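Understanding the architecture of this molecule
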Amino acid sequence: KCNFSIYFLLEVERKIRANDREYNLSFKYATNSIKTSKYNPFTFLPLNLFEQFQRIANAYFLFLLILQVHPFFSLFHNRLISEKWMNVQVGDIIKLENNQFVTADLLLLSSSEPLNLVYIETVCCEPPNNRLDRFTGTLTFNSQKYSLDNERVLLRGCTLRNTDWCFGLVLFAGPETKLMQNCGKSTFKRTSIDRLMNVLVLFIFGLLALMCIILAVGNGIWENHAGSKFKAFLPREENTVFSAFLTFWSYIIILNTVVPISLYVSMEVIRLGNSYYINWDRTMYHAGSDTPAEARTTTLNEELGQIKYIFSDKTGTLTQNIMTFNKCSINGKSYGQDQSVVGEKQSLKQSPGEMTPVDFSFNRLADPKFLFYDHSLVEGVKLELPDVHAFFRLLALCHTVMAEEKREGDLVYQAQSPDEGALVTAARNFGFVFRSRSPETVTIEEMGIQRTYELLAILDFNNVRKRMSVIVRNPEGKLSLYCKGADTIIYERLHPSCSEVMKVTTEHLNEFAGEGLRTLVLAYKDLDEEYFSEWKQRHHESSVALEDREEKLEKLYEEIEKDMMLIGATAVEDKLQDGVTQTLEQLAKAEIKIWVLTGDKQETAENIGYSCNLLREEMNEVFVVAANSPEEVRQELSLLNHDSFSCYVFGLFCMFLQNFCCVYSYCLFFFQRDARLKMCPDTEQDKFLIPEIILGNTPKVVQDENVNGEYGLVINGHSLAFALESNMELEFLRTACICKTVICCRVTPLQKAQVVELVKKYKKAVTLAIGDGANDVSMIKAAHIGVGISGQEGMQAVLSSDFSFAQFRFLQRLLLVHGRWSYLRMCKFLRYFFYKNFTFTFVHFWYAFFCGFSAQTVYDEGYITLYNLVYTALPVLGMSLFDQDVNAGWSLEYPQLYVPGQLSQYFSKRAFMMCALHSWYSSLVLFFVPYAAIYDTARDNGKDGTDYQSFALITETCLTVTVCVQLGLDLSYWTVVNHLFVWGSLGMFFILTFTMYTDGLYRLRPSSFAFIGTARNCLNQPNVWLTVALTAILCVLPVVVYRFLSSQISPTINEKVRYKVCQMKEPAPRPRRTRLTRRSTRRSGYAFSHAHGYGDLMTSGRYLRRNALTCSTGLIPTGRSPGFKPTGRSAGYSPVGREQNPKQKVEPTSLQVFRAVKDSFF
């Protein structure tokens, strides 16, 4: 048996014996069973009750229920066996086969590959317990100890590739696996309206208690002064204090309709209905994958209408994760044709030769999915043009791709990045087919002839080199170096004789980059055998050096990678999902900020940012934070403003000692530096972050800052780890929030969640996270709204999400149409519901002053029961389910309609108070106008018309008509259903009123139907109907006047758009999908997206798997602070010596140039 000791953060030492379950079970390690369900049969009731009582109103309803029912108030034994994942235990040895998921965190013991080349698809994440790139342990075998590190561990969630089988020892199982430690916990999500409702309900409770106290005191006073006069009619409680006490609780029951339980029932019905609208939306159905949109929760719909920040994954979310080889430049000649041009020519029915893709039938190993439209390139291959052959030979040799061939001719490439796979696939189709590799050789098939090259060295990629080279010996014995990388890097190492070709190639690169393609330059060099032998020896010595190994190797690489000959350039398209650019543009118009959180390399993320126009060259600056220490990150984020002031004082003092005149110059410089802050002229500096040593604490909410111009921020995961520390997180947040676009690259799943939590903590904003893979689960759970995309990375994100669909482009309809409508409808519902119920209840309050505070109701008992159940239930539900200010087309045409939801303008504390005041006014009108109308009056037959039952019926009629008129004013979109509900409810009121006040029902239950004949005798009087009309007009008149004046003086965006829609007879135009052409001087480099370390693994014979990327500061431009690298036009670099941006020089810059933080001295 083998003993394994693994040192882990949560345990002092973990001891595991292979295949010894009895021994391993004694430590009670976690099993491999994972439960992601929210409840189980035992926890459902307590947890669900806990969540329900987070709504304070539910506790109130329970209290009322108790009050009203009170009578006083009314693999084992060395053989393989099949086993379920959940039954796998720590210490088990399990066998995995190709394309299977890794079931737990495993120590790789052996594999089917004789050279142990195993390709693993994985994600690099943070240190223990929730970082996936660190592992420490020892293996004891035959009394010998062997060290274990992260390179020998397979993590749960990975997929085994290019290997028939492997055996692994289970180290961590179930919830102890590193993947599960990175998954956030499921929390009960509540909307902003729910949280606001809790506050409002507390206010209503206070108002209810105040009203009941007033009425109880009034009862006590009345009992003392007038109660004795009514003993014959009303039993009198001798103890007035006790009478007031009983009156208080009686009015608690009578006035409880201020927060009826039907409010929350109706809210859930509305949310359910709006959820079905999302499920039924055919425009959000993806036919290719047969995937409809799905609302996986019914409690968060209106939250979709208030999103301010969107956190998006990149791969599989914004992109299809598919790269295509579109164009190339070979020896000064450009090949390839734009796909959009091809489509235009096809629509114009131009010549077949210009429209049809290249026929690769001459190549039996060609990939049938590969399309290329320039026939001249394949002709060059067939004519055996040397430059063309050299171009594709380089692509077939210079890479780290692995080939898998299950049967003859069926090649599958496993590439660490999709762009590298696209280049190798292009070479494959043009006749240079990569077949296989070993640590010492690379085998390719050149125009049908198989050739094996001896692989002598791989000069691997890293963020500083930005290029990759291989040194090979061909079958004839000729030594060659093949190199590919960023144009700015390769051009510096070319032979002077390439100057003319370089100029032409540069023009081609500008054209390619202008179309948003990712470019790469190719070069080669023939090597002398004697020189290479001597260089190889020095390379070996440097590679085993204990000190300055990387620096020595870098010098050797620089030495051999010079005087190369330019072959050409490639242009690869990183395909975005359909409609991504248009969706992001629409969301930006809606004032929604997009943050991209991706585990991909920095340049890959930047390229996607430019491709989908999140980053634009029109931006004033794109800042890159890629520092390696907290101090450097702090410097980049301009946190130490008080230190700036200290430096100012110190410098002032020093120069004062040297030259008094310098004092003036230094002061002028300091204030000129502060003058740069004019880019944030509207910033109120005092209310933002002041250093903790002065303030003593941090603000609860970070306010938005105004900024002149547009800025972008790119930060890598290493710097982000420092930026998220407690003493720096606020400065990072403030800096990021004034940028138009934020891209966080090389981030771990936990960091994604931390960024979301940071924004939730300090910004008064609603967040949404969207992703498609298991590494997005934590941020999906952390955000207010989680959206999962069912893509190529499985269903983990979908299963953890609140809403799901198949394409990112559906997000704009989810937010701008369904989200906005849901929020608008819910806000209208709440405003109207509070209005009608407050009005209904306040009438009771006024009536108490006329009934001796006896807790008598002003309405008939039947009306009280049916008011919220029948008379007003359906009209408000109809409005809440069918109302819309403008249709879906106009909602997408004017994304600015979304902004009021972000600002909570439709329902807030202010809107609630306005509603309460309107209800207070309406209740006064509804009580005193009927009271005055029937006071001391007689009917047509001469009988007295002033009685309690007649007054109650008139008040009921006035109230019902008024709330229906008010609802009609609130409705923006009348449908057949709305007409049926509104007029049907009014008709039902009169039908039921006449029915309940008949002789027959009175005879059945006299106590319940005491208003016999009241409707028949009262509603036939003309003055009653005049009273109803007058009351309704007076109640809605303030609303009509206010809305008219506000629409004329200060119209809202909704009113402006609705007015424009009314002026136009045509429906809203359908959104057009246009191909955005970006003419740019910025050239992306495929080499940037290449991961460091694969070359060593290819030639070492060790396990080949994705390792954690070692962060590097990269090349730092002159005059920049460490870790700061401008991109886009701010870089100002031109490989041909021309200035790319004459208006913007490369000068020392930091994020302080657009930050406005006031020093304490001033």
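None of these values were measured; they are calculated from a predicted model. (Residues numbered from 1 in each chain as written. Predicted model: local features only at pLDDT ≥ 70, side-chain atom pairs only at ≥ 80, totals over all residues. Heavy atoms only, no water.)

Quick look at the overall build of the protein chain
Helix and strand counts for the protein chain stand at 40 helices and 31 strands. Expressed as a percentage of the 1162 residues in the protein chain, the buried residues total 54%. Total accessible area computed for the protein chain in this model is approximately 51,800 Å², and 57% of it derives from carbon and sulfur atoms. (Helix = DSSP H or I, 4+ residues; strand = E, 2+ residues; numbered from the N terminus. Buried < 20%, exposed > 50% of the residue type's maximum accessible area, 1.4 Å probe, protein only. Areas by Shrake-Rupley, 256 points an atom, 1.4 Å probe, with all protein chains shown as cover.)

Focus on the sheet that holds strand β10 (residues 165-172)
A sheet is described by the order of its strands in space; here four strands give the open sequence β3-β10-β4-β8, paired in antiparallel fashion. Bordering the open sheet on either side are β3 (93-97) and β8 (153-154), each of which pairs with just one other strand. Where β3 and β10 come together, five bridges link them in antiparallel fashion. When the bridges of β10 are listed, I94 appears paired with G168. (Pairing = 2+ DSSP bridges.)

Digging into the sheet that holds strand β30 (residues 803-805)
As summarised here, the arrangement of the nine strands in space is β11-β30-β29-β28-β12-β24-β27-β26-β25, forming an open sheet in which the pairing is mixed. Each having just a single partner strand, β11 (294-295) and β25 (621-625) make up the two edges of the open sheet. Two elements, strand β29 (residues 785-789) and β30, share three bridges in a ladder whose sense is parallel. Within β30, the position partnered with I789 by the bridge is F805.

Some details on the confidence of the model for the protein chain
Per-residue confidence for the protein chain gives a mean pLDDT of 78; residues scoring 70 or more make up 75%. In the model, residues 342-353 has pLDDT below 50 throughout and makes eleven contacts with residues more than four positions away in sequence or in other chains. Scored below 50 in pLDDT, residues 1102-1162 shows 179 contacts in the model against residues more than four places distant or in partner chains. (pLDDT = per-residue confidence, 0-100. Contact = heavy atoms within 4.5 Å.)

Here we look at the environment of K327
Inspection of the secondary structure assignment puts K327 in strand β13 (residues 319-330). In this structure the C-alpha to C-alpha distance between K327 and T570, which are 243 residues apart in sequence, comes to 6.2 Å.

Details of the UniProt feature "active site" (unreviewed entry) in the protein chain
When the UniProt feature table is mapped onto this chain numbering, "active site" (unreviewed entry) sits at D313. Among the secondary structure elements, D313 is positioned in the loop between β12 (307-312) and β13. Accessibility expressed as a relative area gives 3% for D313, which makes it buried. There is a polar contact of 3.5 Å between the side chain of D313 and the side chain of K752. (UniProt positions renumbered as here; feature names shortened; annotations may be inferred. Polar contact = N/O pair within 3.5 Å; in protein donor to acceptor, adjacent residues only side chain to side chain.)

Quick look at the packing of helix α30 (residues 873-882) against helix α35 (residues 976-996)
Contact geometry of α30 with α35 gives a least axis separation of 8 Å together with a crossing angle of 165°. By the angle class used here, α30 and α35 are roughly antiparallel. Note that α30 runs across α35; the crossing there is left-handed. Contacts between α30 and α35 involve L874, P875, G878, M879 and F882 from the former and V977, N978, F981, V982 and S985 from the latter. A class-by-class count of the residues in the contact of α30 with α35 yields seven nonpolar, three polar and no charged. (Axes fitted to C-alpha atoms, helices over the stretch in contact; angles between N-to-C directions. Parallel < 35°, antiparallel > 145°, perpendicular 65-115°, else oblique. Left-handed = near helix turned anticlockwise from the far one by under 90°. Nonpolar A, V, L, I, M, F, W, Y, C, P; charged D, E, K, R; others polar.)

Re the packing of aromatic side chains
Under the counting rule described, the total for this entry stands at 59 aromatic pairs. Ring geometry for Y997 against F1011: centres 5.4 Å apart, planes inclined by 40°, an arrangement best described as tilted. With Y997 in the loop between α35 and α36 (999-1004) and F1011 in the loop between α36 and α37 (1014-1018), this pair connects stretches of sequence that are 14 residues apart. Here Y997 and F1011 have matching classes, each one buried. Following the ring pairs from residue to residue traces out a cluster consisting of Y847, F850, F927, F928, Y931, Y935, Y948, F951, Y997 and F1011. R428 extends its terminal NZ or CZ atom over the ring of Y413, reaching a point 5.5 Å from the ring centre. Note that K836 overlies the ring of F833, its terminal NZ or CZ placed 4.0 Å from the centroid. (Phe/Tyr/Trp six-rings, centres within 6.5 Å; stacked < 30°, edge-to-face > 60°. Lys NZ or Arg CZ within 6 Å of the ring centre and 35° of its normal.)

Looking at the pairing of strand β18 (residues 441-446)
Among the six residues that make up β18, five are buried, leaving the element largely enclosed by the rest of the structure. Summarising the sheet, strand β17 (residues 432-437) and β18 pair through five bridges and their orientation is antiparallel. Along β18, the bridge assignment pairs V433 with E445. Hairpin connection, β17 to β18: the antiparallel pair is bridged by three residues. As paired strands, β18 and strand β19 (residues 449-459) are joined by six bridges and run antiparallel to one another. Bridge pairing in β19 links I444 to R451. Hairpin connection of β18 to β19: two residues between the antiparallel strands, including M447 at a positive phi of 50°.

Quick notes on a nonpolar patch on the surface
There is a patch of nonpolar side chains on the surface, built from L210, I214, F849, F850 and F928 and spanning about 450 Å² of accessible area. Turning to its location among the elements, F928 is positioned in helix α33 (residues 909-934). (Patch = residues over 30% accessible without salt bridge, like charges linked within 9 Å, V, L, I, M, F, W, Y side chains within 5 Å. Salt bridge = Lys/Arg side-chain N within 4 Å of Asp/Glu carboxyl O.)

Looking at α30
Within α30, eight of the ten residues are buried, which leaves the element mostly enclosed by the surrounding structure. Along α30, the residues classified as buried are A873, P875, V876, L877, G878, M879, S880 and L881. Where α30 is buried, its residues touch α7 (261-280), α28 (810-848), α29 (861-871), α34 (948-970) and α35.

Some words on the nonpolar core
Core analysis: the largest hydrophobic core is formed by 89 residues, its most contacted members being Y251, L263, F829, L830 and F834. Broken down by element, this core gets its largest block of residues, 18 residues, from α28. Residues contacting Y251, with those up to four places away along its chain left out, are C212, L215, A848, C851, F853, S854, A855 and Q856. (Core = buried A, V, L, I, M, F, W, Y, C linked by side-chain atoms within 4.5 Å.)

A few points about the side chain of E956
Looking at the element boundaries, E956 is found in helix α34. You can call E956 buried: its relative accessible area is 1%. A distance of 3.5 Å separates a polar atom in the side chain of E956 from a polar atom in the side chain of Y997. With residues near it in sequence (within four places) discarded, E956 still touches Y859, D860, Y863, F989 and Y997.

Here we look at the state of the cysteines
This structure, assessed with the given rule, holds zero disulfides. Not part of a disulfide, C739 finds its nearest cysteine sulfur in C737, a span of 8.9 Å. (Disulfide = S-S within 2.5 Å.)

Examining the pairing of β10
Where burial is concerned, most of β10 is hidden: six out of the eight residues are buried. Across six bridges, strand β4 (residues 105-111) lies against β10 in antiparallel orientation. By the bridge assignment for β10, L108 is matched with G168.

Overview of the side chain of H508
By the secondary structure assignment, H508 is in helix α14 (residues 499-514). The residues touching H508, leaving out its near neighbours within four places in the chain, are S329, G332, K333 and S334.

A closer look at a negative patch on the surface
Together, E547, D548, E550 and E551 make up a region of like negative charge exposed at the surface. E547 sits in the exposed class, given a relative accessible area of 59%. (Lys, Arg positive; Asp, Glu negative; His and termini not counted. Charge placed at Lys NZ, Arg CZ, Asp CG, Glu CD.)

With respect to the environment of F838
The topology assignment puts F838 in helix α28. Accessibility expressed as a relative area gives 0% for F838, which makes it buried. Sequence separation between F838 and S919 is 81 residues; the distance between their C-alpha atoms is 5.7 Å.

Remarks on helix α16 (residues 549-560)
Here α16 contains twelve residues, and its C-alpha end-to-end distance of 17 Å stays within 8% of the 16 Å for a straight helix at 1.5 Å per residue. Restricting attention to buried positions, one finds in α16 the residues L553, L556, Y557 and I560. Buried residues of α16 fall within an arc of 100° about the axis and therefore sit on the same side. Where α16 is buried, its residues touch β19, β20 (467-473), β21 (479-485), β22 (518-526) and α15 (529-543). (Expected span 1.5 Å × (residues − 1). Arc of directions from axis to C-beta.)

With respect to the pattern of salt bridges
Under the counting rule described, the total for this entry stands at 31 salt bridges. Via salt bridges that share partners, R467, E492, R493, E558 and E561 belong to a single interconnected network.

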